[in-house]
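Commentary on secondary and tertiary structure
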Amino acid sequence: AMVKDPKGGVKKIANYWIPTIKLLGDSQFLDKLRSYDKDSIPNKIIKQIKPYVARPEFQPEKVKEVSAAAYGFCCWVRAMEAYDSTVKVVEPKKKKLAQAQEEYEGLMVGLNEARGKLKEVEDKVQALNDKLEAMQNKKAQLEFDYDMCGKKLIRAEKLIGGLGGEKERWKQVAAGLKVDYTNLTGDVLLCAGYIAYLGAFTQPYRDEVLGKWIEQCKAGGIPCSDTFKLITVLGEPVKIQQWAIDGLPNDSFSVDNAIVMNKSRRWPLIIDPQGQANKWIRKMEQPRNLVVVKLTDGDFIRKLENAIQFGNPVLLENVGEELDPTLEPLLLKSTFKQGGQMVIRLGDSTIEYHQDFRFYITTKYRNPHYLPEIS
């Protein structure tokens, strides 16, 4: 309500006391404050309350000293004024934000569409790159195969040319094998006789005896080779080469002696005045832990027994014309089974006989004379 200005004059001023009393007397006053539409405060009201809000005495702390109720009302008024000021600043920004968000979403839709198209293009490019790589790999493989085929063709031409020249040789080899197959019976018979009887004789005497045996075979209708050679029938090229590496002389007489020693069922006694056989046996049997003994060794029998049990080869060197009688069962290979194991009696002991055991005897005598049971 407008009332006369107490300061005098004809000017009237607004009097809020009477309306305030009526408003405070309203029972729903607090509810109206809670439900007040703070988002729609007229600018006219904001302009009217701004001068009061700016007054120093309208500060919450000072109002609280006067009245607690007025303190609450002061806080509410200042809060409404602050909210309105904030809304007027923030609301345009909210609208701009909403507008910008809408534009952003529109742009994102376009961007996503562009990304989708880009992804399709990238997938097509990747597929083309994969296809290109596969084609390049296939091209490289074809070039490699082409090169290999060319090389194989050249090799095949050389092989065919070489085989063409080998035709006559293969015919001769086939004819030779046919003859060898026919003479196999007689040649094996001659080998058996050679190993059993000719080992201790010189080469001229062996040739003489073989000539007579060949004549007898032919007279008896037994097919055999006209020119018999032990190395041709029983020789193994790989083994003979290894013997040569181990120190065996490369002449036919030494090779024949090695074959006789290898194929014979009896232990060899080698006449070795120059020590060549001794060196060869040492080198050949070294990987199998060769045991070298002499009849004069004090532990000769013990070493021999251990070697027989564990399958180690033994070289008995520098023997004379007489051998220790203890060796007779070993020389005759007088083995027998006992308890399911192969054993041999050596002196007063019965020991296990290992199947890998080998026994070599050498003498330096040039023309020794041995009893028949030894020779």
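Now for a look at the structure at hand.

Here is what the cut-offs are and how they apply
- Residues numbered from 1 in each chain as written.
- Predicted model: local features only at pLDDT ≥ 70, side-chain atom pairs only at ≥ 80, totals over all residues.
- Heavy atoms only, no water.
- Axes fitted to C-alpha atoms, helices over the stretch in contact; angles between N-to-C directions.
- Helix = DSSP H or I, 4+ residues; strand = E, 2+ residues; numbered from the N terminus.
- Left-handed = near helix turned anticlockwise from the far one by under 90°.
- Contact = heavy atoms within 4.5 Å.
- Patch = residues over 30% accessible without salt bridge, like charges linked within 9 Å, V, L, I, M, F, W, Y side chains within 5 Å.
- Areas by Shrake-Rupley, 256 points an atom, 1.4 Å probe, with all protein chains shown as cover.
- Salt bridge = Lys/Arg side-chain N within 4 Å of Asp/Glu carboxyl O.
- Buried < 20%, exposed > 50% of the residue type's maximum accessible area, 1.4 Å probe, protein only.
- Disulfide = S-S within 2.5 Å.
- Phe/Tyr/Trp six-rings, centres within 6.5 Å; stacked < 30°, edge-to-face > 60°.
- Pairing = 2+ DSSP bridges.

One can describe the packing of helix α6 (residues 184–197) onto helix α7 (residues 203–219) by two numbers: an axis separation of 11 Å at closest approach and a directional angle of 145°. Seen from above, α6 lies across α7 with right-handed handedness. Two secondary-structure elements touch here, α6 through Leu189, Leu190, Gly193, Tyr194 and Tyr197 and α7 through Arg206, Leu210, Trp213, Ile214 and Cys217.

Taken together, the side chains of Leu159, Leu163, Trp170, Val173 and Leu177 present a nonpolar region at the surface, about 510 Å² in accessible area. Inspection of the secondary structure puts leucine 159 in helix α5 (residues 68–182). On the accessibility criterion, leucine 159 (52% relative accessible area) is exposed.

Before going further, it helps to examine the state of the cysteines. Tallied over the entire structure, the rule returns 0 disulfides. Of all cysteine sulfurs, the one in cysteine 75 lies closest to cysteine 74, which takes part in no disulfide; the gap is 5.5 Å. Just so you know, cysteine 191 is unpaired, no disulfide at all, and the nearest cysteine sulfur is the one on cysteine 224, 11 Å from it. Accessibility expressed as a relative area gives 3% for cysteine 191, which makes it buried.

The subject of this paragraph is the packing of aromatic side chains. Across all of its chains, the model carries 6 aromatic pairs by this definition. Here the aromatic rings of tryptophan 267 and phenylalanine 357 are separated by 5.7 Å at their centres, their planes lie at 85°, and the arrangement is edge-to-face. Here tryptophan 267, found in the loop between α10 (252–263) and β3 (269–271), pairs with phenylalanine 357, found in the loop between β8 (349–352) and β9 (359–363); they are 90 residues apart in sequence, far enough to count as distant. Accessibility assignment for this pair places tryptophan 267 and phenylalanine 357 in one class, buried. Taking 6.1 Å as the distance between ring centres and 70° as the angle between the ring planes, the aromatic pair formed by tyrosine 353 and phenylalanine 357 counts as edge-to-face. Phenylalanine 357 shares its class with tyrosine 353; the two are buried. Chaining the aromatic ring pairs together yields one cluster made of Trp267, Tyr353, Phe357 and Phe359.

Let's shift gears to the pattern of salt bridges. Tallying each qualifying case throughout the model produces 13 salt bridges. One salt bridge connects arginine 288 with glutamate 285, and the closest N-O pair in it is separated by 2.9 Å. For arginine 288, a relative accessible area of 29% gives the class partly exposed. Residue arginine 302 is joined to aspartate 299 by a salt bridge in which the shortest nitrogen-to-oxygen separation is 3.0 Å. Take arginine 302: its relative accessible area is 48%, and that puts it in the partly exposed class. Accessibility expressed as a relative area gives 26% for aspartate 299, which makes it partly exposed.

Pairing is antiparallel across the open sheet formed by 3 strands, whose spatial order is β6-β7-β8. Two strands lie at the open edges of the sheet, namely β6 (335–338) and β8, each paired on one side alone. Across the sheet, the mean angle separating the axes of adjacent strands is 45° when strand polarity is ignored. The sheet contact formed by β6 and strand β7 (residues 341–346) spans 4 bridges and is antiparallel. By the bridge assignment for β7, lysine 337 is matched with methionine 342.

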